[in-house]
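Here is what each chain is made of, one letter per residue.
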Amino acid sequence: MVARLGTVSAAAEALGVHRATINRHVETLETVLGAPLFHRHARGYTLTDAGEDMLDVANRAEEMFSDLEGRSRGRAGQLSGDLRVTALIGMVSLVMPAIKAFHLAHPETPVEFVAGSKLARLEHGEAHVAFRAGTKPQEPDYVVLPFRQFRFGLYASRDYVNRKGMPENGDFSGHSFVGTVGEPSPIPYTTWMDRNVRPEGLSFKTSDQQVMFAAVRQGFGLGFLADHDTVGDADLVEIIPPDDAWLANIWIVTHVDLHRTAKVQEFLRFVRQEAQQG
């Protein structure tokens, strides 16, 4: 509470105890850990590195005690607290059906879904469940499960094909591309782009898949798109079909401390159902 509220007075009021009790507990913790937990200054308390570590553990412990309380009270069908999920923005369409199914089954449990390029630090409590693409995460405290695979193919808009025509027999001379060339990237089609596209052949430079999708649909040039983004899109023309050579894995990632909580396990049940249907 001191870390969250910033002062001993605020923590004491929130917990309904005397300031001296707060100070005594903090001093005891610092003695046991052999390191200060706070920088003390005129405006209040800020965490040291040891304090940050302590808060991370405390946050996970709070989640686990809350889960235990819910189970002990036998609140059938009810889950405690909110659920925080994170994923790259390009995975939204793959993850949303599981989130919807979870919400319909547990409308009393708010879901916070953060989509972006930043990877959530599960050990800091930034998310309960994360979806990550690429190589399998290797963090020792993470539980990693397979979710889905998707493949990239080369596409163009119908407007672009009407203007420039279809490439013939693998000859892409005279054609423009959307993407990047000569830049390190874990995306599986990077090698193909580096081998077949000169920098001056890029009419639109971007490494963001959502921007690339929009640029290809607007007719800027040929670009690699994920198969799940192109299904049923009549404005797109397949130039090279999705291939196993351009395959990416999506992983479900949780922290070992929270993996077995009822809330996370219930959400993972819907995620597994969605993966089987997909």
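Every chain begins its residue count from 1, and numbering advances along the sequence as written. Where totals are concerned, whole chains, interfaces and linings use all residues; where local detail is concerned, this predicted model gives features only for residues with pLDDT of at least 70, and gives and counts side-chain atom pairs only at 80 or more. With hydrogens and water set aside, each side-chain value is computed from the structure's full complement of heavy atoms.

**Q** So what exactly am I meant to see when it comes to the packing of helix 5 (residues 92-105) against helix 10 (residues 262-277) here?
**A** Packed helices, taken two at a time, are described by the angle their axes make and the gap between the axes. In this description, a line fitted to the C-alpha atoms serves as the axis of each element, helices being fitted only across the stretch in contact, and the angle between N-to-C directions of two axes falls anywhere from 0 to 180 degrees. Strands here mean DSSP runs of E at least two residues long; helices mean DSSP runs of H or I at least four residues long; both are numbered from the N terminus. Between helix 5 and helix 10, the least distance of the axes is 9 Å, while the angle of their chain directions is 130°. Judged by the inter-axis angle, helix 5 sits oblique to helix 10. Crossing hand, helix 5 versus helix 10: right-handed. Contacts between helix 5 and helix 10 involve Leu94, Pro97, Ala98, Ile99, Ala101, Phe102 and Ala105 from the former and Lys263, Glu266, Phe267, Phe270, Val271 and Glu274 from the latter. Ten residue types, Ala, Val, Leu, Ile, Met, Phe, Trp, Tyr, Cys and Pro, are classed as nonpolar, four, Asp, Glu, Lys and Arg, as charged, and the remainder, Gly among them, as polar. Each residue belonging to the contact of helix 5 with helix 10 can be placed in one class, and the counts come to ten nonpolar, no polar and three charged. With respect to orientation, any angle under 35 degrees is reported as roughly parallel, any angle over 145 as roughly antiparallel, any angle of 65 to 115 as roughly perpendicular, and every other angle as oblique. Note on convention: the crossing is left-handed when the near helix lies turned anticlockwise from the far helix by less than a right angle, right-handed when the turn is clockwise. Throughout, a residue-residue contact means that at least one pair of heavy atoms, one from each residue, lies within 4.5 Å.

**Q** Before we go on, may I ask you to explain helix 2 (residues 8-15) in this structure?
**A** For an α-helix, the turn length of 3.6 residues means that residues three or four places apart are oriented alike. Where helix 2 is concerned, the buried positions are Val8, Ala11 and Ala12. An end-on view of helix 2 places all buried positions within 100° of arc, on one side of the element. Along its buried surface, helix 2 packs onto helix 1 (2-5), helix 3 (19-33) and strand 2 (44-47). Gly16, located one to two residues past helix 2, shows a positive phi value of around 70°. Type-normalised accessible area, obtained with a 1.4 Å probe on protein chains alone, sets the label of each residue: buried when under 20%, exposed when over 50%, and partly exposed for intermediate values. Read the arc as the range of directions from the helix axis to the C-beta atoms.

**Q** Help me out: how do you make sense of the environment of Phe150 in this one?
**A** Secondary-structure assignment places Phe150 in strand 6 (residues 142-157). Along the chain, Phe150 and Trp246 lie 96 residues apart, while their C-alpha atoms are 8.5 Å from each other.

**Q** When you look at a nonpolar patch on the surface in this model, what are you seeing that I'm missing?
**A** Each patch is built from residues that are more than 30% exposed by relative accessible area and take part in no salt bridge. Like charges join if they lie within 9 Å; nonpolar side chains (Val, Leu, Ile, Met, Phe, Trp, Tyr) join within 5 Å. The method behind every accessible area is Shrake-Rupley, applied with a 1.4 Å probe, and residues are considered shielded solely by the protein chains displayed. Salt bridges are counted wherever a side-chain nitrogen of Lys or Arg sits within 4 Å of a carboxyl oxygen of Asp or Glu. Judged by side-chain polarity, Met1, Leu5, Leu15 and Val17 come together as a nonpolar surface patch covering roughly 320 Å² of accessible area. Among the structural elements, Leu15 can be located in helix 2. According to the relative accessible area criterion, Leu15 is partly exposed, its value standing at 47%.

**Q** Sorry, what's going on with unusual backbone geometry here?
**A** Not every positive phi belongs to a glycine, and Asn169 is a case in point at roughly 55°. With respect to the helices, strands and loops of the structure, Asn169 is situated in the loop between helix 6 (158-164) and strand 7 (177-179).

**Q** Can you help me understand the confidence of the model for the protein in this one?
**A** Atom-level detail of predicted coordinates should not be read off regions where pLDDT is low. On a scale of 0 to 100, pLDDT captures the predictor's confidence in every residue. Model confidence for the protein is summarised by a mean pLDDT of 88, while 95% of its residues fall at 70 or above. Mean pLDDT across the elements of the protein bottoms out in helix 4 (residues 49-72) (76) and peaks in strand 7 (97).

**Q** Is there a simple way to think about the packing of aromatic side chains in this case?
**A** Between two aromatic rings, the relevant description is the distance of the centres plus the angle of the planes. Each pair of aromatic rings taken from Phe, Tyr and Trp, with Trp reduced to its six-membered ring, is defined by centres within 6.5 Å and is described as stacked if the planes are under 30 degrees apart, edge-to-face if over 60, and tilted in the remaining cases. Enumeration over the complete set of coordinates arrives at 14 aromatic pairs. Summarising the aromatic geometry, the rings of Phe177 and Trp192 are spaced 6.1 Å apart at their centres and angled 50° between planes, so their arrangement reads as tilted. In this pair, Phe177 is assigned in strand 7 and Trp192 in helix 7 (residues 190-196), connecting sequence segments 15 residues apart. Measuring from ring centre to ring centre gives 4.9 Å for Phe224 and Trp246, while their planes differ by 75°; the resulting arrangement is edge-to-face. Of this pair, Phe224 sits in strand 9 (residues 223-226) while Trp246 sits in the loop between strand 10 (236-240) and strand 11 (247-255); the two residues are 22 residues apart in sequence, bridging distant segments of the chain. On the basis of relative accessible area, Phe224 is assigned to the buried category, the value being 0%. Since its relative accessible area comes to 9%, Trp246 is described here as buried. Joined through ring pairs, the aromatic side chains of Phe150, Phe152, Phe172, Phe177, Tyr189, Trp192, Phe224 and Trp246 make up one cluster. Whether a charge sits over a ring depends on NZ of Lys or CZ of Arg being within 6 Å of the ring centre and within 35 degrees of the ring normal. It is Arg269 that lies over the ring of Phe270; its NZ or CZ is 4.5 Å from the centre.

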